[in-house]
Amino acid sequence: MSSARIVVIGTGYVGLTTGACLAGLGHRVTCVDVDEAKVARLAAGRVDILEPGLAELVGRGLTSGRLTFVVGARAAVSDAEGVFLCVPTPMGAGGAADLRAVEAVAAEIGDVLPPGCALITKSTVPVGTSRRIADLLGRGDIPVVSNPEFLREGTAVADFLGPDRIVVGSDDRAAAEWVGGLYADLAAPTVVADAASAELVKYAANCFLAMKLSYVNAIAELCERLGADITSVTEGMGHDRRIGRAFLKPGPGWGGSCLPKDTHALLRIAEAAGYEFGMLTSAIDENLAQRDRIVAKIAGAAGGNLAGARIGVLGLAFKAGTNDLRDSPALSVCSVLSAMGAELTAYDPAVGGEIAGMTVVDDPYQVAKGADVLVVLTEWDEFRKLDWSYLAELMHGDAVVDTRNLLEPGVILDAGLSWLGIGRPRARERVAL
Ligand code: UGA
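Residues numbered from 1 in each chain as written. Predicted model: local features only at pLDDT ≥ 70, side-chain atom pairs only at ≥ 80, totals over all residues. Heavy atoms only, no water.

Draft legend 1. Quick peek at the side chain of Glu-149. Structurally, Glu-149 can be placed in the loop between β6 (144-146) and α7 (156-161). Judged by relative accessible area, Glu-149 falls into the buried class, the value being 7%. A polar contact of 2.8 Å, which involves the side chain of Glu-149, links it to the backbone nitrogen of Leu-151. Apart from residues no more than four positions distant in its own chain, Glu-149 is found in contact with Val-14, Lys-122, Thr-124 and Lys-202. (Helix = DSSP H or I, 4+ residues; strand = E, 2+ residues; numbered from the N terminus. Buried < 20%, exposed > 50% of the residue type's maximum accessible area, 1.4 Å probe, protein only. Polar contact = N/O pair within 3.5 Å; in protein donor to acceptor, adjacent residues only side chain to side chain. Contact = heavy atoms within 4.5 Å.)

Draft legend 2. Geometry of the nonpolar core. Grouped together as the largest cluster of nonpolar side chains are 40 residues, with contacts concentrated most on Phe-84 and Tyr-183. Looking at this core element by element, the count peaks at seven residues for helix α1 (residues 13-24). Once residues lying within four places of it in the same chain are set aside, the contact partners of Phe-84 are Ile-6, Val-7, Val-8, Ile-9, Thr-18, Leu-22, Ile-120, Lys-122, Asn-147, Leu-182 and Tyr-183. The next biggest cluster of nonpolar side chains, apart from the first, holds 30 residues, and it includes Val-295, Ala-299, Val-313 and Ala-342. (Core = buried A, V, L, I, M, F, W, Y, C linked by side-chain atoms within 4.5 Å.)

Draft legend 3. Seen up close, the environment of Val-127. You can see Val-127 is positioned in the loop between β5 (118-121) and α6 (129-137). Sequence separation of Val-127 and Val-361 is 234 residues, and the distance between their C-alpha atoms is 43 Å. For Val-127, the residues in contact, after removing those within four places along its chain, are Ala-196, Glu-199, Leu-200 and Ile-269.

Draft legend 4. Region of interest: the layout of surface pockets. Of the pockets and cavities examined, the second largest pocket occupies roughly 840 Å³. In terms of lining residues, the second largest pocket is bounded by 40 residues, among which Gly-12, Cys-86, Val-87, Pro-88 and Arg-326 are the most central. When residues of the lining of the second largest pocket are traced back to their parent elements, those giving at least two are α1 and α5 (100-109). Tallied by class, the residues present in the lining of the second largest pocket amount to 17 nonpolar, twelve polar and eleven charged. Composition of the lining of the second largest pocket by domain shows at least three residues from each of domain 1 (5-193) and domain 2 (194-433). (1 Å grid on protein atoms, 1.4 Å probe; cavity = no way out; pocket = protein on both sides within 12 Å on 5 of 7 lines; lining within 4 Å. Points joined across faces, edges and corners; volume = space filled by probe spheres on them. Nonpolar A, V, L, I, M, F, W, Y, C, P; charged D, E, K, R; others polar. Domains from an automatic or database assignment.)

Structure representation (structure tokens):
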């Protein structure tokens, strides 16, 4: 496809990645946001989000003139061929997605969209939203297309430019195909569907991933009870191509800005359709149970009582490679520990500032000072490379709880500490490994 005139509304991690990558693919892209200060920073090439490759891509887009940042959606869309809606759809009351931002933008630009311009939803929206937007616009000459994103935080640019698939859906098939064509250079399989199916793909995929993780965490729990090792179990499962090796790592539970929100939203969607999605409810319950099992593990390592226990926390972000704390399982574990009277000192390479219920420090060794237990909650690679002998010297106790199975147990034992992972045998002596 030749270069298209695109407007992206919203410059969060989805909108900014979409805009910068589409410009990288040769399209002329205008990114719009309501936040004037943010637009000014982006226009000067300053990217606040920690997303590998994004700042470089924005810089290249600005230099080439194919990427611009503006305030004011109405003026921006006046000669657009496609407008992407990338505004937030947070969890609203009762777990359903809150569509106010999407609807507000549709209402704002509805009468100035040029005839034939495709209005494209990228934000995760409930099934039926395309139709609702079309009704709201009341314009038969504006096709509404769903084009869900499958970007992971921390690898968003790589995911955009090397997608497993492109999904486009509309009740106007030609419009869906035109949107699919914007990605032609990526040579990814393209699924062209009706609007409702495309909207459902996103929820179905994210909820499947959440269920997969809850399942793995439950199997890890079984491993502990049966004396098996989750590392071998998931390796054995992962070689089965029907299962796949990805998303099989146990942890403190799944979190972030997407899986928790989307699982609750799909439950509400199912409920509204008269279907009780028990399997999904169980996955959400299992995620809470995992958090509680982690807390119990840490309490056990602290000698059974958390009141007054000094816990050193390594990692606060919901996963490595991001500074995002939204629905972070690490924070969720910490808030329970703190409520039970533990004194927390925490370090995360990407997170600073004040967080209620803990002291956040900027040096990983500081968290070990006087700690009864050290807990790894986010899988930052740099934690593997710490001087564990020095950490052991600084600690008061000798227990390390590794909720990501990140560390090499032998290294921890050699430092004179004990290691307790998830779904793996406890390591107290070198010989036991
Ligand atoms: C997720 C999906 O993976 C993306 O495909 C989707 O586009 C995105 O949501 C979205 O809806 O926008 P993301 O929220 O960035 O991406 O995070 P994930 O990499 O999926 O991780 C989610 C949670 O699962 C994290 O807490 C992570 O630590 C945990 N996880 C992941 C595990 O505990 N074990 C694993 O093996 C993988």
